[in-house]
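A closer look at the structure
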Amino acid sequence: MNRIEKIKTHQDKLNSKYKRLIEQAYNFRQTDSALSDISEYKAIKLLNKLNRLKYLQRETYQSAI
């Protein structure tokens, strides 16, 4: 497995976790706002990681060409 594939699999894993956290934050919004905020904060941190991975994947892909 080369570097681009590793980045892609890690990106997919983080993306599914991000979606789960966003859904969890939405569901908690009506019952417990503190848990909703915590889930949303974790999702934002994951989104930041995803954006960095997207940049890294683009850099790696461009250098491979």
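Structural notes, computed from the coordinates. (Residues numbered from 1 in each chain as written. Predicted model: local features only at pLDDT ≥ 70, side-chain atom pairs only at ≥ 80, totals over all residues. Heavy atoms only, no water.)

What follows deals with the overall build of the protein. Helix and strand counts for the protein stand at two helices and zero strands. Long-range pairs, those at least 24 residues apart, make up 65% of the contacts in the protein with a sequence separation of at least 6. Working note: accessible area of the protein is about 5300 Å², and carbon and sulfur atoms make up 53% of it. (Helix = DSSP H or I, 4+ residues; strand = E, 2+ residues; numbered from the N terminus. Contact = heavy atoms within 4.5 Å. Areas by Shrake-Rupley, 256 points an atom, 1.4 Å probe, with all protein chains shown as cover.)

In terms of nonpolar packing, the biggest core is built from seven residues, these being Ile7, Leu14, Leu21, Ala43, Leu46, Leu50 and Leu53. Among the secondary structure elements, those contributing two or more residues to this core are helix H1 (3-28) and helix H2 (33-64). Element by element, the count of residues in this core is highest for H2, at four residues. With residues up to four places along the chain from it excluded, the contact list for leucine 14 reads Leu46, Lys49, Leu50 and Leu53. (Core = buried A, V, L, I, M, F, W, Y, C linked by side-chain atoms within 4.5 Å. Buried < 20%, exposed > 50% of the residue type's maximum accessible area, 1.4 Å probe, protein only.)

Right, let's talk about the environment of glutamine 24 for a bit. In this structure, glutamine 24 sits in helix H1. Sequence-wise, glutamine 24 and glutamate 40 are 16 residues apart; in three dimensions their C-alpha atoms are separated by 8.3 Å.

On the surface, a cluster of positive charge is made up of Lys17, Arg20, Lys42, Lys45, Lys49 and Arg52. Elements with a contribution of two residues or more to the positive patch: H1 and H2. The element contributing the most residues to the positive patch is H2, with four residues. (Patch = residues over 30% accessible without salt bridge, like charges linked within 9 Å, V, L, I, M, F, W, Y side chains within 5 Å. Salt bridge = Lys/Arg side-chain N within 4 Å of Asp/Glu carboxyl O. Lys, Arg positive; Asp, Glu negative; His and termini not counted. Charge placed at Lys NZ, Arg CZ, Asp CG, Glu CD.)

Once that is clear, we can look at the side chain of glutamine 11. By the element assignment, glutamine 11 lies in helix H1. The residues touching glutamine 11, leaving out its near neighbours within four places in the chain, are Leu50, Leu53, Lys54 and Gln57.

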